[in-house]
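For reference, the chains in residue letters:
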Amino acid sequence: MNNWKHNHILDLSTFSFEDYKTVLELTERFKDVHKSSSRKLPALQGLLITNLFFEPSTRTRSSFEIAAKRLSADVQNFSASTSSLSKGETPLDTILTYISMGADILVIRHESTNVPTELANYVDSNKINTSILNAGDGFHSHPSQGLLDLFTLAAYFNPDNPSPDNLLNKKITIVGDILHSRVARSNLWALTGCGANITLCGPKSLLPNEFGDFVLSPPPGQSVDPIQTRGSIYIERSLEKALRNADAVMTLRLQKERMKQNMLTDLDTYHQKYGLTHQSLKWCGKKVPVLHPGPVNRGIEISSQLVEDNSINLISNQVENGIPTRMALLYLLGLNKKSL
Ligand code: ASP
């Protein structure tokens, strides 16, 4: 933990293997806090955590709130629909208002890529002691989702020791609307950073060939890659081939609200070609877990039967693990502030 250097959490391309280890170890430590007699820890008592969600959210916003409360922080929630945005205030002025109120950690979701990064630059250049935690920006990044997925997979492969080492040389297949997915991008950095090889599968319109080179070394804007050896990324258009010998599969929703135009007209054909079902999973050749970040569109990217089969899907594990993962991130950012 002494090696933790991030004052903001914006994007997993900056994470080292040690960072993944630190987050997963803390997640494991925090997993059962709510089962203890006090149900919480005093770790962040007195800190103010502000959740600013400019885009709708069910899982992420609620689990950041629960995570903050389990660490005894004070929590403030902003919702775009009931704010002064409707009176013409700009989002920047709204954000600055919350910073002026003394937010120690500002958890932000915004539909525009890079808003959290620009905000982090702003607070740094104005020497404001607020940490920015990206809860999803446009197509770009969703680091807490990437980390909770990593924990979920690491715990699946070895429940007694959910370490990022468990991902080494695993084949993880990600199917669906990769182009519009910040979850896929964060998973690509995290999973390749832990040595997994990724097969991406989807139609060209939702998975351009350029994704094969998505993980650059060094990552954009950095002079060295914090990861020594990354796993590889492959593109496979046929679901049958993409699933062959997979160790785990993740499927993604068609993110229509992020599409410039309607890119798919025939959802039945899409489901037949790319939908995960008990039948298509047979192509894996063994029993493999299925992940989905939610929200799920039943009958499109995944069959209803598979959503209801929790002997195969890890959807509720992902939701459950979201809380201790976000506790770990808030704790790591909050530690510095506590020792001021
Ligand atoms: N909940 C995830 C996100 O915020 C995935 C999705 O919306 O499909 O990106």
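Check the entry above for the structure.
Residues numbered from 1 in each chain as written. Predicted model: local features only at pLDDT ≥ 70, side-chain atom pairs only at ≥ 80, totals over all residues. Heavy atoms only, no water.

Novice: Describe the site of the ligand, naming the residues involved and giving the relevant values.
Specialist: Around the ligand, the structure places Arg 109, His 142, Arg 182, Val 183, Arg 253, Gln 255, Arg 258, Gly 294 and Pro 295. Here Arg 182 contributes a side-chain N or O atom positioned 2.8 Å from an oxygen atom of the ligand. In the model, an oxygen atom of the ligand is placed 3.4 Å from a nitrogen or oxygen of the Arg 258 side chain. Bound to the protein, the ligand loses 91% of the 260 Å² it would expose on its own. One can see that the ligand is located within the largest pocket. (Near = heavy atom within 4 Å. Polar contact = N/O pair within 3.5 Å; in protein donor to acceptor, adjacent residues only side chain to side chain. Areas by Shrake-Rupley, 256 points an atom, 1.4 Å probe, with all protein chains shown as cover. 1 Å grid on protein atoms, 1.4 Å probe; cavity = no way out; pocket = protein on both sides within 12 Å on 5 of 7 lines; lining within 4 Å. Sits in = over half its atoms within 2 Å of the grid points.)

Novice: So what's going on with the packing of aromatic side chains? Residues and values would help.
Specialist: For the coordinates displayed, the defined rule picks out 9 aromatic pairs. Where Phe 211 meets Phe 214, the ring centres are 5.9 Å apart and the plane angle is 20 degrees; that geometry is what we call stacked. Residue classification places Phe 211 among the buried residues on the basis of a relative accessible area of 7%. An angle of 40 degrees between the planes, with centres 5.5 Å apart, marks the rings of Tyr 270 and Tyr 274 as tilted. Taken together, the residues span about one helical turn, with Tyr 270 and Tyr 274 both in helix α8 (residues 267-274) at a distance of 4 residues. Each of the two residues, Tyr 270 as well as Tyr 274, counts as buried. Three or more aromatic residues joined by ring pairs form one cluster here, namely Trp 4, Phe 15 and Tyr 20. Over the face of the ring belonging to Phe 157 we find Lys 170, whose NZ or CZ atom lies 4.8 Å from the ring centre. Above the plane of the ring of Phe 64 lies Arg 326, whose end atom (NZ or CZ) is 5.1 Å from the centre. (Phe/Tyr/Trp six-rings, centres within 6.5 Å; stacked < 30°, edge-to-face > 60°. Buried < 20%, exposed > 50% of the residue type's maximum accessible area, 1.4 Å probe, protein only. Helix = DSSP H or I, 4+ residues; strand = E, 2+ residues; numbered from the N terminus. Lys NZ or Arg CZ within 6 Å of the ring centre and 35° of its normal.)

Novice: Report on helix α5 (residues 143-157), specifying residues and quantitative values.
Specialist: When the terminal C-alpha atoms of α5 are compared, their 21 Å separation across 15 residues agrees well with the 21 Å that a helix rising 1.5 Å per residue should span. Among the 15 residues of α5, 12 are classified as buried, and the element is accordingly described as predominantly covered. Turning to α5, its buried residues number three or more, namely Pro 143, Ser 144, Gln 145, Gly 146, Leu 147, Leu 148, Asp 149, Leu 150, Phe 151, Thr 152, Leu 153 and Ala 154. (Expected span 1.5 Å × (residues − 1).)

Novice: Lay out the side chain of Arg 70 in plain terms, naming residues and giving numbers.
Specialist: With respect to the helices, strands and loops of the structure, Arg 70 is situated in helix α2 (residues 59-70). No salt bridge forms around the buried Arg 70; measuring N to O, its nearest opposite-charge neighbour Glu 320 is 8.3 Å away. Sequence-distant contacts of Arg 70, defined by excluding residues within four places in its chain, comprise Val 33, His 34, Arg 39, Lys 40, Leu 41, Ile 323 and Met 327. (Lys, Arg positive; Asp, Glu negative; His and termini not counted. Salt bridge = Lys/Arg side-chain N within 4 Å of Asp/Glu carboxyl O. Contact = heavy atoms within 4.5 Å.)

Novice: Can you explain the sheet that holds strand β1 (residues 48-53)? Please cite residues and give values.
Specialist: One open sheet accounts for 4 strands, arranged β2-β1-β3-β4; its pairing is parallel. Strands at the two margins of the open sheet, each flanked by one partner only, are β2 (74-79) and β4 (131-137). Adjacent strand axes in the sheet meet at a mean angle of 15 degrees when their direction is disregarded. In this sheet, β2 lies alongside β1 in parallel orientation, the contact comprising 6 bridges. Within the sheet, the bridge partner assigned to Thr 50 lies in β2 and is Gln 76. Sitting on the sheet, α2 is in contact with β1, β2, β3 (105-110) and β4, with an inclination near 175 degrees to β1. Here helix α3 (residues 91-100) sits on the sheet in contact with β1, β2 and β3, set at roughly 160 degrees to β3. (Pairing = 2+ DSSP bridges. Axes fitted to C-alpha atoms, helices over the stretch in contact; angles between N-to-C directions.)

Novice: Summarise the pattern of salt bridges; cite the residues concerned and give the values.
Specialist: Considering all chains together, one arrives at 11 salt bridges under this definition. Taking the shortest distance from any N to any O, the salt bridge between Glu 65 and Arg 61 comes out at 3.2 Å. Of the two residues, Glu 65 and Arg 61 are both situated in helix α2; the distance of 4 residues between them amounts to about one turn of the helix. Looking at Glu 65, the relative accessible area reads 16%, which means it is buried. On the basis of relative accessible area, Arg 61 is assigned to the partly exposed category, the value being 23%. The partner of Lys 286 in a salt bridge is Asp 247, and the shortest N-O contact between them spans 2.7 Å. Here Lys 286, found in the loop between α9 (278-281) and β9 (290-291), pairs with Asp 247, found in the loop between α7 (239-243) and β8 (248-251); they are 39 residues apart in sequence, far enough to count as distant. Judged by its relative accessible area of 42%, Lys 286 is partly exposed. Accessibility expressed as a relative area gives 18% for Asp 247, which makes it buried.

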